[in-house]
Amino acid sequence: MRINICGVEIDKYSFDEVVELIINHALSQSKPEYVVTPNAMHIVTLQKDVDFQEIYRKAFLVVPDGVSLLWAAKFLQSPLSGRVNGTDLFERLCAIASEKGLKVFLLGGRPGSAEKAKKTLVARHPSLQIVGTYCPPYGFESQLTELNSINSIIIEAAPHILFVGLGAPKQEKWIAANYLYLGVPISVGIGVSFELVSNMVTRAPVWMQKAGFEWLFRLLVEPSRLWKRYVFGNYTFIWLLIKQRLGLFKRLPNTKRSDRF
């Protein structure tokens, strides 16, 4: 079952159900798929970005990373089953991967963050196989040589799960352009999770996460980078929700997804 939020279909799975679906697909090593983890800014970006809409339409799973989506679903009287936070998902999948013998690769993040995240995770789970980390240089997406090099590194490492931390919508667009060629069973866009796991960026206290104020904590930690996103983005998101509640919202043309399960 899916919930429509401002024209975007969000899967109504619990956190544990999402983890199970991803792990089972990684173990099956069938057709490559990818997972997107939307927040309010994804919803706003999707309103005008047709390529992004198509990426969402083809996704294996679309799971609610942001608490704002849970609030939105309740406001629209179609509640979701709970938050599937990207960082929590990253950590849980790595924990289970260590038990199941699944190999993972970390792509993106700020310089050094993926390697630090690897050290942190391997310290927790000594049997975890992180078969590679790589931080592409700024502007890599327009450098053919660099793009080919990234693909070669990942193909040679042959992971079962590829975690991509390039920020949205860059990470989703890179995944969509490359996931079939790479042949990795599951790719997941996880934003700044490498930085959070490695403590390069401080994560909000648990009580703020549960209360839905993690966004406010991040804004206070990195105001110069995030203020426009949260001030203007949240305003636009709220206006879109009001329009949908009043029946004035027009469905996005390229986000209708086919049933998979």
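Note that the structure is a prediction, hence the values are computed from the model and not measured.

Caption draft 1: Region of the structure containing helix α1 (residues 15–28). In a regular helix each residue adds 1.5 Å, so 14 residues correspond to 20 Å; α1 covers 20 Å between its end C-alpha atoms and thus fits that length. Buried residues of α1: F15, V18, V19, I22, I23, H25 and A26, and no others. Viewed end-on, α1 has its buried residues packed into an arc of 165 degrees, placing them on one side of the element. Lining the buried residues of α1 we find β3 (33–36), β4 (61–62), α5 (86–100), β7 (161–165) and β8 (186–189). At the exit of α1 stands Q29, carrying a positive phi of roughly 50 degrees.

Caption draft 2: Local environment of the pairing of strand β1 (residues 2–5). The two faces of β1 differ: I3 and I5 on one face are buried, but R2 and N4 on the other face are not. As defined by bridge partners, β1 adjoins strand β2 (residues 8–11) across four bridges and the pair is classed as antiparallel. Bridging across to β2, R2 finds its partner in D11. Between β1 and β2, which pair antiparallel one after the other, the connecting turn spans two residues, and C6 there sits at a positive phi close to 55 degrees.

Caption draft 3: The arrangement of the pattern of salt bridges in detail. A complete count under the given rule lists 11 salt bridges for this structure. A salt bridge links K173 to D49; the shortest N-O distance between them is 2.8 Å. On the criterion of sequence distance, the pair formed by K173 in helix α8 (residues 170–182) and D49 in the loop between α2 (40–46) and α3 (50–57) is long-range, its members being 124 residues apart. According to the relative accessible area criterion, D49 is buried, its value standing at 18%. A salt bridge links E54 to R57, with the nearest nitrogen and oxygen atoms 2.7 Å apart. A residue pair is termed a helical-turn pair when its members lie 3 or 4 positions apart in one helix, as E54 and R57 do in helix α3 at three residues. Note on E54: relative accessible area 26%, which makes it partly exposed. Each of R2, E9, D11, R257 and D259 takes part in one network of salt bridges that share partners.

Caption draft 4: The side chain of R257, seen in detail. Along the chain, the position of R257 falls in the segment after α12 (223–245). Judged by relative accessible area, R257 falls into the buried class, the value being 5%. For R257, the side chain forms a polar contact with the side chain of D11, separated by 2.9 Å. Contacts of R257, omitting those with residues within four sequence positions, involve R2, E9, D11, Y56, R57, A59, F60, L61 and V62.

Caption draft 5: Local environment of unusual backbone geometry. Backbone torsion omega between A168 and P169 reads 0 degrees, so that peptide bond is classified as cis. Along the chain, the position of P169 falls in the loop between β7 and α8. Its identity as a non-glycine residue notwithstanding, Q77 has a phi of 65 degrees, on the positive side. Take Q77: its relative accessible area is 61%, and that puts it in the exposed class.

Rules behind the numbers
- Residues numbered from 1 in each chain as written.
- Predicted model: local features only at pLDDT ≥ 70, side-chain atom pairs only at ≥ 80, totals over all residues.
- Heavy atoms only, no water.
- Helix = DSSP H or I, 4+ residues; strand = E, 2+ residues; numbered from the N terminus.
- Expected span 1.5 Å × (residues − 1).
- Buried < 20%, exposed > 50% of the residue type's maximum accessible area, 1.4 Å probe, protein only.
- Arc of directions from axis to C-beta.
- Contact = heavy atoms within 4.5 Å.
- Pairing = 2+ DSSP bridges.
- Salt bridge = Lys/Arg side-chain N within 4 Å of Asp/Glu carboxyl O.
- Polar contact = N/O pair within 3.5 Å; in protein donor to acceptor, adjacent residues only side chain to side chain.

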